[in-house]
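# Examination of the molecular architecture
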Amino acid sequence: MATVFHPAPRIASNDGVRATLSKALGKMLLASKEEHGEIVLGVERERIEDALRLLRDEHDYQQLMEIAGVDYPQREERFEVVYMLLSLTRNHRVMVKCRAAENTPVPTVTTLWPNAGWLEREVFDMYGVVFDGNTDLRRILTDYGFEGHPQRKDFPLTGYQELRYSEEEKRVVYEPVDLPQDLRQFDFMSPWEGANYVLPGDEKAKAADAGSPGAPPVKQAKTTDTPAKTGAGEPANKAAAKKVAPAKKSKGPVAGQGDASPAPVTTEIKEPGAPKPTENRPARKPRKAAPKDTPGATKPKGKSK
């Protein structure tokens, strides 16, 4: 049996990682924290390329897994660009952030990882963050001629244009957005979990509880005083009234209706014996008729030449 040695630990630990990386980044680091089991480092926007190169070359974070954007409209620098790095040799991940405004470009990291070109295009398309040095900064998720950036918090839900394929013109055409219905807000809270509003159709209803003032009187209370009253009819009532096996406990509940075990009961029915052995059975006689899937049955009928 071959033995496989894994250089990376099965479970990565954050012990000492934050302090080590913070010391290595030095003046490039603006803030650091450990949140939700992850190390988050905030660095200067102008030094983001140098910071990521240091983490890649000197601290073994070899792979750039993702670049994401976050929008905080209330901030002066409203955007955050998040770089997610993975160390294969240490099985550890770290997130590096930098801030940017609408008119402040972020240095590209395509010089460090080729896949950053696609990831930076996604952030540009969704948020409008410009990456200085990216030679192919085009939209990648939206269509040609799209206006605005959909992931921004102030992106309108209505307006702009929509596109469709026109059978008459045999091409994609742009038209003003036409919604067949108004924008609706959905409340997924279950009514029986404590809704604090009147449900549709209950405006004229009175109090639901019988003890509340104004509730309609109850003519006859429906109760099940005995197990025989099942509410399913007479046949079910007779079956429900039958007792099951008694419990082993002298004063305990009936077996099957609590935690008691059934007690052995002697009946007049004889105990069935063991089945007869099958080894002594005579063998089947061979079939007289020939099987139907023979060559003679499959050949076409007719005189052979």
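Now for a quick tour of the structure. The structure displayed is predicted, hence computed values, not measured ones.

Here we come to the overall build of the protein. Along the protein, the regular secondary structure elements total 5 helices and 9 strands. Counting helices and strands in the order they occur from the N terminus, the protein gives α-β-β-α-β-β-β-β-α-β-β-β-α-α. For the protein, the proportion of its 305 residues judged to be buried stands at 23%. Sequence separation of 24 or more characterises 43% of the internal contacts of the protein that already satisfy a separation of 6 or more. Total accessible area computed for the protein in this model is approximately 24,300 Å², and 53% of it derives from carbon and sulfur atoms.

Moving on: the sheet that holds strand β5 (residues 92-100). Spatially, the 5 strands line up as an open sheet ordered β1-β2-β5-β4-β3, and their pairing is mixed. Edge positions in the sheet fall to β1 (29-35) and β3 (63-71), since each of these pairs with one other strand and no more. The sheet shows a mean angle of 20° between the axes of neighbouring strands, direction not considered. Sheet topology note: the β3/strand β4 (residues 79-87) ladder contains 8 bridges and is antiparallel. Each bridged residue has a counterpart across the sheet, and for Leu 64 the counterpart in β4 is Leu 85.

The next subject is the environment of Glu 38. Structurally, the position occupied by Glu 38 is in strand β2 (residues 38-43). On the basis of relative accessible area, Glu 38 is assigned to the partly exposed category, the value being 39%. A sequence separation of 57 residues divides Glu 38 from Met 95, and the C-alpha atoms of the two residues are 7.6 Å apart.

Attention now moves to the pairing of β1. Sheet topology note: the β1/β2 ladder contains 6 bridges and is antiparallel. Note that in β2 the partner of Ser 32 across the bridge is Leu 41. Here β1 hands over to β2 after 2 residues, with His 36 in that stretch at a positive phi of 55°.

Another aspect to go through is a nonpolar patch on the surface. There is a patch of nonpolar side chains on the surface, built from Tyr 144, Leu 163, Tyr 165, Val 172 and Tyr 174 and spanning about 560 Å² of accessible area. Within the residue set of the nonpolar patch, elements represented by two or more residues are β8 (161-166) and β9 (171-176). Positionally, Tyr 165 belongs in strand β8.

Listed in full, the buried residues belonging to helix α1 (residues 17-25) are Val 17, Leu 21, Ser 22 and Leu 25. Buried residues along α1 cover an arc of 120° about the axis, so they all sit on one side. For α1, exposure combined with an orientation more than 90 degrees from the buried face picks out Ala 19 and Lys 23. Structurally, α1 contributes buried residues whose contacts are with β1, β2, α2 (48-58) and β5. Following α1 by one or two positions, Gly 26 adopts a phi angle in the positive range, close to 65°.

Turning next to the pattern of salt bridges. A complete count under the given rule lists 19 salt bridges for this structure. With a closest N to O distance of 3.5 Å, Arg 53 and Asp 50 form a salt bridge. Residue Arg 53 and its partner Asp 50 are both found in helix α2; the two are separated by 3 residues, about one turn of the helix. By relative accessible area, which is 29% here, Arg 53 ends up partly exposed. Given the relative accessible area of 33%, Asp 50 is considered partly exposed.

About the thresholds
- The numbers attached to residues start from 1 for each chain and follow its sequence in the written order.
- Local features in a predicted model are, by the rule used here, given only for residues with pLDDT of at least 70; side-chain atom pairs are given and counted only at 80 or more, and totals for whole chains, interfaces and linings are based on all residues.
- With hydrogens and water set aside, each side-chain value is computed from the structure's full complement of heavy atoms.
- Here a helix means four or more residues in a row that DSSP labels H or I, a strand means two or more in a row labelled E, and each is numbered from the N terminus.
- Accessibility here uses a 1.4 Å probe with only protein chains present; expressed as a share of the type maximum, an area under 20% marks a residue as buried, one over 50% as exposed, and anything in between as partly exposed.
- We call two residues contacting when some pair of their heavy atoms lies within 4.5 Å.
- Each accessible area is a Shrake-Rupley estimate made with a 1.4 Å probe; only the visible protein chains count as cover when residues are assessed.
- By this definition, two strands are paired if DSSP reports at least two bridges between them.
- Note on geometry: axes are C-alpha line fits, over the in-contact stretch for helices, and angles between N-to-C directions span 0 to 180 degrees.
- Two distance rules govern patches: like charges are joined within 9 Å, and nonpolar side chains (Val, Leu, Ile, Met, Phe, Trp, Tyr) within 5 Å, applied only to residues with over 30% relative accessible area and no salt bridge.
- Definition used for salt bridges: Asp or Glu carboxyl oxygen within 4 Å of a side-chain nitrogen of Lys or Arg.
- The reported arc concerns the directions from the helix axis to the C-beta atoms and nothing else.

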